[in-house]
Amino acid sequence: MKDYKIEINLTSKKKKKPQFDQLEFGKYFTDHMFIMDYTEGKGWHDPRIVPYQPITLDPAAIVFHYGQTVFEGLKAYLTKNEEILLFRPDQNMKRLNQSNARLCIPQIDEDLALYALKQLITIDRDWIPTLEGTSLYIRPFIIATEPYLGVSSSKNYQFIIILSPVGAYYKEGFNPVKIAVESEYVRAVAGGTGNAKTAGNYASSLKAQEEASKAGYSQVLWLDGKENKYIEEVGSMNIFFKINGEVITPALNGSILEGVTRNSVIQLLRHWNVPVVERRISIHEIHQAYNNGLLEEAFGTGTAAVISPIGEFFWQNEKLVINNGETGPLSKKLFDSLTGIQNGTKPDPFGWVVKV
Ligand code: COI
């Protein structure tokens, strides 16, 4: 990898760290951050690591009004031998550029971004928690900074990386969550931005999430925006079902995010000779499999929670309780294997782990 020139300005006042045994998700931030600017005609410039601090933007900055922004999420782990490990970080940088393309944001140099990320983590390495279930969550993101109220893509941007020591994403931890099938709102439609990691997808999910939460459910199951019957995602995660020995996940159709964990699960299952297919699957098919006693497991996959077992779906006034509301054996095996590879306690047959 090239030796990129990144200016480094270290903080003179380190923050007090939170209790690492009481971490939640995304509440605390480390001592430093990475920033790089983009100016039309000049390209990306001035990559730098600076003390973690608020940023000042013009109130007319395009990101505030029209949501021209993209982000990523990945995690770093510290092994017993004090090595810092990242999980398939190249995939996140690649996806960041795919999201950039969809949002009309200029491409970044993926190698520079990875180099910057490694530098930043090295500087803030004493923020990496080591207790089971904890990690350092990495949030790269790009915002459109040009002050302009016309609807058009920005001439200026900032690329920022921040770090957050995290615990479990759901308060349930690795315990099964209850999911309400969403029949009114949709997350994304084909041709929209569902396959890009951009703020609008998450903003538009809040209403459904809030209503589900009031009714006692952790998240919603998203159905397609056209026929309202084909399964797309669960909350902010991809979804898998195990039906009669076969694992099924919705095929990528333009409105589903191509998850790095989703891809890793598919590869692991193939490696274990567990049949796995990517195809369209309707909520009616799930209901029928449930009625026939063939719905063995369901789980969400994502960087934040890794594997999130589903204990119950609520659909059309009916509760579909899966595996007695308990974590199924395949969900458990996937969680243990993936987190083991990620934190360096299990062999990495695919070469997914990158040392910082
Ligand atoms: C993930 O599962 O990693 C997500 O996309 C959640 C994130 C938006 C916090």
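Residues numbered from 1 in each chain as written. Predicted model: local features only at pLDDT ≥ 70, side-chain atom pairs only at ≥ 80, totals over all residues. Heavy atoms only, no water.

A look at the site of the ligand
Inference 1: Looking at the ligand, the residues that line it are F25, Y169, K197, Y202, S236, G302, T303 and A304.
Inference 2: K197 places a polar side-chain atom, nitrogen or oxygen, 2.8 Å from an oxygen atom of the ligand. (Near = heavy atom within 4 Å. Polar contact = N/O pair within 3.5 Å; in protein donor to acceptor, adjacent residues only side chain to side chain.)

So, the environment of T122
Inference 1: Relative to the helices and strands, T122 is located in helix α3 (residues 110-123).
Inference 2: In this structure T122 comes out as partly exposed when scored by relative accessible area, which is 40%.
Inference 3: In this structure the C-alpha to C-alpha distance between T122 and G254, which are 132 residues apart in sequence, comes to 36 Å.
Inference 4: Within the structure, the side chain of T122 is placed 2.6 Å from the backbone oxygen of K118, a separation counted as a polar contact. (Helix = DSSP H or I, 4+ residues; strand = E, 2+ residues; numbered from the N terminus. Buried < 20%, exposed > 50% of the residue type's maximum accessible area, 1.4 Å probe, protein only.)

Quick look at the UniProt feature "modified residue: N6-(pyridoxal phosphate)lysine" (unreviewed entry) in the chain
Inference 1: The positions that UniProt labels "modified residue: N6-(pyridoxal phosphate)lysine" (unreviewed entry) are, in the present scheme, K197.
Inference 2: Its location among the elements puts K197 in the loop between β9 (177-181) and α4 (199-203).
Inference 3: In this structure K197 comes out as buried when scored by relative accessible area, which is 10%.
Inference 4: Here K197 is in contact with T69, V70, F71, E72, R95, S99, Y202 and L257, once residues within four sequence places are set aside. (UniProt positions renumbered as here; feature names shortened; annotations may be inferred. Contact = heavy atoms within 4.5 Å.)

Quick word on the packing of aromatic side chains
By convention here, two paired aromatic rings are described through the distance between centres and the angle between planes.
Inference 1: Per the counting criterion, the structure on display carries 13 aromatic pairs.
Inference 2: Seen in terms of ring centroids, F34 and F159 are 5.9 Å apart; in terms of plane orientation they differ by 75 degrees. Their pairing is edge-to-face. You can see F34 sitting in strand β2 (residues 32-39) and its partner F159 sitting in strand β8 (residues 156-166), a full 125 residues away along the chain.
Inference 3: On the accessibility criterion, F34 (0% relative accessible area) is buried.
Inference 4: F159 sits in the buried class, given a relative accessible area of 0%.
Inference 5: For the ring pair F240 and F299, a centre distance of 5.3 Å and an interplane angle of 5 degrees mean the geometry is stacked. With a gap of 59 residues between them, F240 in strand β12 (residues 238-243) and F299 in strand β15 (residues 295-302) connect regions that are remote in the sequence.
Inference 6: The buried category is assigned to F240, whose relative accessible area is 0%.
Inference 7: Site record: aromatic cluster; members linked through ring pairs are F34, Y38, W44, Y157 and F159.
Inference 8: Between the NZ or CZ atom of K333 and the centre of the ring of W272, over which it lies, the distance is 4.1 Å. (Phe/Tyr/Trp six-rings, centres within 6.5 Å; stacked < 30°, edge-to-face > 60°. Lys NZ or Arg CZ within 6 Å of the ring centre and 35° of its normal.)

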